[in-house]
Each structure stands twice: as C-alpha cells, then as structure tokens.
Amino acid sequence: MTTTTDPGPDVAAERATDVDSAAAAPLEVDKGGHIRIGTASWTDPTMTAAGVFYPGSAANAEDRLQYYASTFPLVEVDATYYALPSASTAELWVERTPPDFTFDIKAHALMTGQGTETKRLPKTIRTALPEPVAEKSRIYAKDLPPDLLDAVWEAFRDGLEPLREAGQLGSILLQYPRWFFPSSENRATIEGAVERLDGLACAVEFRNGSWLNEKNAERTLRFLTDNGIAFVMVDEPQGFKSSVPPVTAVTSDLAIVRFHGRNAETWEAKGITPAERFRYLYTRDELEEWAPRIREVASNAKDTHVLMNNCYANYGTTNAREMAAILAGELSS
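Here we summarise the structure given alongside this text.

## Some remarks on the pairing of strand β2 (residues 34-39)
Among the 6 residues in β2, 5 count as buried, and that is most of the element. Across 2 bridges, strand β1 (residues 27-28) lies against β2 in antiparallel orientation. Across the sheet, Leu27 pairs through a bridge with Ile35, a residue of β2. Counting the residues between successive antiparallel strands, the hairpin from β1 to β2 contains 5 residues, one of them, Gly32, with a positive phi of roughly 105 degrees. In this sheet, strand β11 (residues 303-308) lies alongside β2 in parallel orientation, the contact comprising 6 bridges. For His34, the partnering residue across the bridge sits in β11 and is Asp303. Pairing between β2 and strand β3 (residues 74-77): 2 bridges, direction parallel. When the bridges of β3 are listed, Thr39 appears paired with Val75.

## Looking at unusual backbone geometry
A positive phi angle is found at Ala313, which is not glycine, with a value near 50 degrees. If you trace the backbone, Ala313 turns up in the loop between β11 and α13 (315-327).

## Remarks on the packing of aromatic side chains
Tallying each qualifying case throughout the model produces 19 aromatic pairs. On the basis of an interplanar angle of 65 degrees and a centroid distance of 5.4 Å, the ring pair of Phe53 and Tyr67 is categorised as edge-to-face. Highlighted residues: Phe53 in the loop between α2 (45-48) and α3 (61-71) and Tyr67 in helix α3, separated in sequence by 14 residues. Of the residues examined, Tyr67 reaches a relative accessible area of 26% and is grouped as partly exposed. Where Phe101 meets Phe103, the ring centres are 5.0 Å apart and the plane angle is 75 degrees; that geometry is what we call edge-to-face. The exposure class assigned to Phe101 is buried, which follows from its relative accessible area of 1%. One aromatic cluster is present, formed by Trp42, Phe53, Tyr54, Tyr67, Tyr68, Phe72, Trp93, Phe101 and Phe103 through successive ring pairs. The cationic tip of Lys106 hangs over the ring face of Tyr81; the distance from NZ or CZ to the ring centre is 5.8 Å.

## Here's the deal with the pairing of strand β7 (residues 169-175)
Note on strand geometry: in a regular strand, side chains alternate between the two faces of the sheet. β7 sits mainly inside the fold: 7 of its 7 residues count as buried. Relative to β7, strand β4 (residues 102-106) is paired through 3 bridges, and the arrangement is parallel. Paired with Lys106 across the two strands is Leu173, which belongs to β7. Where β7 and strand β8 (residues 201-205) come together, 5 bridges link them in parallel fashion. Paired with Leu173 across the strands is Ala203, a residue of β8. Since β7 and β8 lie parallel, the crossover through helix α9 (residues 184-196) that links them has a hand, and here it is right-handed.

## What about the environment of Thr266?
Checked against the element boundaries, Thr266 lands in the loop between β10 (254-259) and α11 (274-277). Judged by its relative accessible area of 16%, Thr266 is buried. Between the C-alpha atoms of Thr266 and Ala107, which are 159 residues apart in sequence, the distance is 23 Å. Contact partners of Thr266, with chain neighbours within four places excluded, come to Ile272, Glu276 and Arg277.

## Observations regarding a negative patch on the surface
Together, Glu62, Glu91, Glu95 and Glu165 line one region of the surface with negative charge. Inspection of the secondary structure assignment puts Glu91 in helix α5 (residues 87-95). Judged by its relative accessible area of 42%, Glu91 falls in the partly exposed class.

## Thoughts on the pattern of salt bridges
Should their charged atoms come close, side chains of opposite charge can pair. Across all of its chains, the model carries 20 salt bridges by this definition. Arg164 is paired through a salt bridge with Glu161; the nearest N and O atoms lie 2.5 Å apart. In this pair, Arg164 and Glu161 are both assigned in helix α8 (residues 146-166), 3 residues apart and thus about one turn of the helix distant. As a salt-bridge pair, Arg279 and Glu276 come within 3.1 Å of each other at their nearest N and O atoms. Of the residues examined, Arg279 reaches a relative accessible area of 23% and is grouped as partly exposed. The exposure class of Glu276 is partly exposed, given its relative accessible area of 30%. One continuous salt-bridge network, built from bridges that share partners, spans Arg15, Asp18, Arg284 and Glu322.

Calculation notes
One numbering rule holds for all chains: residues counted from 1, following each sequence as written. Per-residue local features are limited, in this predicted model, to residues with pLDDT of at least 70; the limit for side-chain atom pairs, both in listing and counting, is 80 or more; totals at the level of whole chains, interfaces and linings are taken over all residues. No hydrogens and no water enter the side-chain calculation; it runs on all heavy atoms of the structure. Type-normalised accessible area, obtained with a 1.4 Å probe on protein chains alone, sets the label of each residue: buried when under 20%, exposed when over 50%, and partly exposed for intermediate values. By definition, any uninterrupted DSSP run of H or I lasting at least four residues is a helix, any uninterrupted run of E lasting at least two residues is a strand, and each is numbered from the N terminus. Whether two strands pair depends on DSSP finding at least two bridges between them. For Phe, Tyr and Trp, rings pair up if their centres lie within 6.5 Å, where Trp contributes its six-membered ring, and each pair is then called stacked (planes under 30 degrees apart), edge-to-face (over 60) or tilted (otherwise). Definition used: whenever NZ (Lys) or CZ (Arg) falls within 6 Å of the ring centre and also within 35 degrees of the ring normal, the charge is taken to sit over that ring. When the strands point away from the viewer, a crossover counts as right-handed if the path from the first strand over the helix to the second runs clockwise. We call two residues in contact when some of their heavy atoms are within 4.5 Å. A patch consists of residues whose relative accessible area exceeds 30% and which take part in no salt bridge; residues with like charges are grouped when within 9 Å of each other, and nonpolar side chains (Val, Leu, Ile, Met, Phe, Trp, Tyr) when within 5 Å. All accessibility values rest on the Shrake-Rupley procedure with a 1.4 Å probe; residue burial counts only the protein chains present in the view. The salt bridge definition used is simple: a Lys or Arg side-chain nitrogen within 4 Å of an Asp or Glu carboxyl oxygen. Positive residues here are Lys and Arg, negative ones are Asp and Glu, while His and the chain termini are left out of the count. Lysine's charge is taken at NZ, arginine's at CZ, aspartate's at CG and glutamate's at CD.

Encoded structure:
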C-alpha cells in the first residue's frame, strides 16, 4: 500500500526530475556562510539498487561515490558507527571526490556509550582484549581497560587523518542514546569526548528529549555553546522518550540539521534496517516548514549542514534536492 509519505521510488524520482541539480553546489548565505545539503548515506542497498538513484554506469563503489559527489557537496558516513574507519578507505574517499566535498562522520558506538560487535573491532584491539571480555559477542566501553579504550579513540582519529589533511572532514557526530539523560556526569562525558577529539569539529545529537525540555533546554544549549559544540537540530517523530523536539539553535560556528522522517510506527521498532526505520518521503509542504528556520540558522553560523537521514531508496536524495531548490527560492509547494 502506497501513501503520500511512502509512495515508492518511482514517485520520488518523478518529483526529483525538475530539481536534479539543485543541491550540487553549496548555497551561499548573505552573511558569507554556506549551506551544504546531502544525505546520511550513499551506500544503502535500497539506494544502490538498479534504477533507483544511481545511473547504470555507476556500477561499483568508486563510480557511485563519484556520481554522488557530483550531485551533492556533503555526505554523512554512518559506517564508522559500526566499524572504526581505516586510513586506506579515507584516502580513497579523498581521491574520488572534489576538494571541496565534505564528509560528516558518525562517532563509533564505543565513543558514545553504545555497544559494538566484538568481531568488528580491529585485530590489534580485539586480540588484546582480556579473556572474559574477548568471549563476549558484544561489548561496551565500560568493558575495556583504559589503554584499549584509548586505542579505540586513537584508531578513530588515525582512520580519518586523510580527510582532515585534505580539508574534507566536516564534523564528528556524537549521537548519544536514549538512556543518556541530563546530568553532571553525562555533561562531563561529552566534555571528555570533545577533549579526545581536540582539533576536530564536534556535534552532539541527543536521543532523550529531556535534554531539551522546559527545565533543561537553556542549560543544555548554554553548555554546548560554552564548549563550542554544534547542537544537532532534528526533525523526527514526536511522542517517544527518544523524541527530541524540533528546537533550532546555533551553538557553534557549524550548524547541523538532520531529517529522520516522521514515521512513528518504525521509530523505535526493533529488528529492522535503518532504511526501513527512516522510510519516509517528506512532502514539499513539510520541507517548506523548515526553510525559514534553516535560513535563520544559516545567518547565525559560518557553515550549515542539512542532512536527510530518510535514506530509503531515493527518498533522501529527492528531499535533499527539493530542500536545496526551496532554499534557493526555485521551488514551492
């Protein structure tokens, strides 16, 4: 059954036909900044399927990234949440993209208090695990001796060094889980993460709405501002403990807005892929709602990143192009 917000790739492709080049370059802001628009994946299987987004000539990983980078100036890398990045892969990303193309990188799960599959850790770290920990299929940062936890952070930084050297590393997205609630201890945890990532732009996305409730919002935003950390603004389903309200605020030179779709039925569903969780095609009216807010945000930041995380098939790419056209004043509902 198709709906307005899940009409299928053919409808999404049709909507994209008149805006296919709208997001190819950063949008200039009157005060001198830029708005970059992209998606939170370029490799999801629903996106790489034949005839969905990539042309038939983009038959391998190299071709797909080159095509994506000719269409958008920004992408978010989600794979680094599951496996630590490697410098050799980052070097390929640099080779396959223009010098001004930007990569936002999601922090590894162990860096934000979440679990990871032991088998996906680099061999040098995996073989050094104490015996009780090594036997676990899934581990958390608290399971690691301090020296191995240090090694995780060092490996993350080392793996991204080619991007940093090339000037193509945007932000490090620290996405904290729903059980990470406002407290002095957790604010110190964020400060510790930023200290470990010294010299890199850091952004924080919360998945617990209490950070932005009436009691805590002012303190949360002041904390991020005082530490020069970008607050990640979100559009997502409401009514869950993991729901964060669509607050707009600029807390650093970089502003980030992430669109997760509004599919309440799948938001906290278990056992489904990210593409299914965020399977939602925004209507143009819904995108129009955000346009003045993004313009206002961009007028108070040096750079603004707008990322579509509704990466089912071509939903995210279509909405990214539409948002760029709307912000440029070339498309209306």
